[in-house]
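Residue-level listing of the chains:
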Amino acid sequence: MGESSSSVSVDVERISFGGKEHHIQTSYGPISVAVFGDHEKPALVTYPDVALNYMSCFQGLFFCPEASTLLLHNFCIYHISPPGHELGAAPISLDVPVPSVDQLADQVAEVLDYFGLGSVMCLGVTAGAYILTHFATKYRERVLGLMLVSPLCKAASWTEWLYNKVLSNLLYFYGMCGLIKECLLQRYFSKEVRGSSQVPESDIVQACRSLLDERQCTNVWRFLQSINARHDLTESLKKLQCRTLIFVGENSPFHSEALHMATKLDRRYSALVEVQACGSVVTEEQPHAMLMPMEYFLMGYGLYRPCQLSCSPRSPLSPSCISPDLLSPESMGVKLKPIKTRVSLQV
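Bear in mind that the values here come from a model prediction, so they are computed numbers and not experimental data.

Our next topic: the overall build of the protein chain. Of the regular secondary structure elements, the protein chain holds 14 helices and 11 strands. Taken over 347 residues, the protein chain has a buried fraction of 59%. Within the protein chain, residue pairs in contact and separated by at least 24 positions form 77% of the contacts whose partners lie at least 6 positions apart. On the protein chain, roughly 14,300 Å² of surface is accessible, and the fraction owed to carbon and sulfur atoms is 53%.

In structure tokens form, the structure reads like this:
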């Protein structure tokens, strides 16, 4: 698994939910990208949290009919999996160096180069949100907008660093054991859906638990090591040249981190949406809560749901046309109540 100066892709025969997987050799090892939609449309790049891939992190959002229609109508989706997190991945040798967060951000740039993509929209969850934010600070001209879910921004605190070290040791010696899965589920979901002795856990938690069994523990260990050694992006946020929409569940362990990040961004070009009774992975737990804020956010780029747009977008996004009013804290910095179907906003 040596370094390569050029990118080589091997297309996987398996077609998942209408998409096609590409295995791309980058300078820092192979990476898997699942592509869905018309390549002529603007690109939306996603990156999931630790131990997740697009099926376990974004399936809820893309299976939500209204959100799926909004995103798939306007974008070609490029789901990047952290190294070795794709379905059927082989364990990465322990002899291969663990990539730094800088190298993981550079991998994203190489993926864009392989597909011939210029500027893209980004959607990341927690650790994936950190990688895409870091990518946006390093390659400012290549990011049109950031949609971040329960993002990380600062370096790991001593508490988080020690907690992740314990998880890493458990992963290394015992694999994806029951305790590891419980810790990860607490990271992802609120107690409302994790259940209790009286209330069974929800279907999304059961599905995620099952998908965690398919992860290669060595590969999860590597990504956790990378994220645990991350550096503070606070000062770099001032360099961002794109607009940012942040979602965070009020029960997320990273709630304060998201609030910190929101305060460091230019309020004219960023917005924070807090989702009540929700954990970190809003894309799975309450995907409907993301619909209306995303609609307003994308509306500024001239993107709409099909009922409002007669033709499919084929031109590059133009961030200059977005109205700051649409992203002001007064119009979008709202709290959302738990929802079942459509989201209702309270200003």
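Let us keep going from here.
What follows concerns the packing of helix H3 (residues 65-74) against helix H13 (residues 291-299). Between H3 and H13, whose axes approach to 10 Å, the crossing angle comes to 20°. Comparing the axis directions of H3 and H13 gives the class roughly parallel. Regarding H3 and H13, the two cross each other, and that crossing is left-handed. Touching Glu66, Ala67, Leu70 and Leu71 of H3 are Leu291, Met294, Glu295 and Leu298, all from H13. When the residues that make up the contact of H3 with H13 are grouped by side-chain class, the tally is 6 nonpolar, no polar and 2 charged.

Summary statistics for the protein chain give a mean pLDDT of 86 and a share of 83% for residues scoring 70 or more. Long-range and interchain partners of residues 308-312, a stretch whose pLDDT sits below 50, account for 7 contacts in this model, where long-range means more than four residues apart.

Inspection of the entire model under this criterion finds 10 aromatic pairs. Ring geometry for Tyr47 versus Phe223: centroids 6.2 Å apart, planes at 40°, classification tilted. One end of the pair, Tyr47, is in strand E4 (residues 43-47); the other, Phe223, is in helix H10 (residues 217-228), with 176 residues separating them in the sequence. Of the residues examined, Phe223 reaches a relative accessible area of 3% and is grouped as buried. Clustering of aromatic rings is evident, with ring pairs tying together Tyr78, Tyr114 and Phe115.

For the rest of this paragraph, the subject is the packing of helix H7 (residues 178-188) against helix H9 (residues 203-212). It is at 11 Å that the axes of H7 and H9 come closest, and there the two elements cross at 135°. Considering their axes alone, H7 and H9 lie oblique with respect to each other. Judged by the twist between their axes, the crossing of H7 over H9 is right-handed. Contact residues: H7 offers Lys181, Glu182, Leu184, Leu185 and Tyr188, while H9 offers Val205, Cys208, Arg209 and Leu212. Of the residues in the contact of H7 with H9, the class split is 6 nonpolar, no polar and 3 charged.

Looking only at helix H11 (residues 255-264), the buried set comprises His255, Glu257, Ala258, His260, Met261 and Ala262. Considering only its buried residues, H11 is in contact with helix H5 (127-138), strand E7 (143-149), strand E8 (243-249) and strand E9 (270-275).

What follows covers the side chain of Arg230. Structurally, Arg230 is set in the loop between H10 and E8. What makes Arg230 buried here is its relative accessible area of 3%. Polar side-chain contacts of Arg230 include one of 2.8 Å to the backbone oxygen of Lys154. At a separation of 2.8 Å, a polar atom in the side chain of Arg230 contacts the side chain of Glu160.

Residue position: Lys264 is located in helix H11. Not counting chain neighbours up to four residues away, the residues in contact with Lys264 comprise Thr234 and Leu237.

Definitions and limits used
- Residues numbered from 1 in each chain as written.
- Predicted model: local features only at pLDDT ≥ 70, side-chain atom pairs only at ≥ 80, totals over all residues.
- Heavy atoms only, no water.
- Helix = DSSP H or I, 4+ residues; strand = E, 2+ residues; numbered from the N terminus.
- Buried < 20%, exposed > 50% of the residue type's maximum accessible area, 1.4 Å probe, protein only.
- Contact = heavy atoms within 4.5 Å.
- Areas by Shrake-Rupley, 256 points an atom, 1.4 Å probe, with all protein chains shown as cover.
- Axes fitted to C-alpha atoms, helices over the stretch in contact; angles between N-to-C directions.
- Parallel < 35°, antiparallel > 145°, perpendicular 65-115°, else oblique.
- Left-handed = near helix turned anticlockwise from the far one by under 90°.
- Nonpolar A, V, L, I, M, F, W, Y, C, P; charged D, E, K, R; others polar.
- pLDDT = per-residue confidence, 0-100.
- Phe/Tyr/Trp six-rings, centres within 6.5 Å; stacked < 30°, edge-to-face > 60°.
- Polar contact = N/O pair within 3.5 Å; in protein donor to acceptor, adjacent residues only side chain to side chain.

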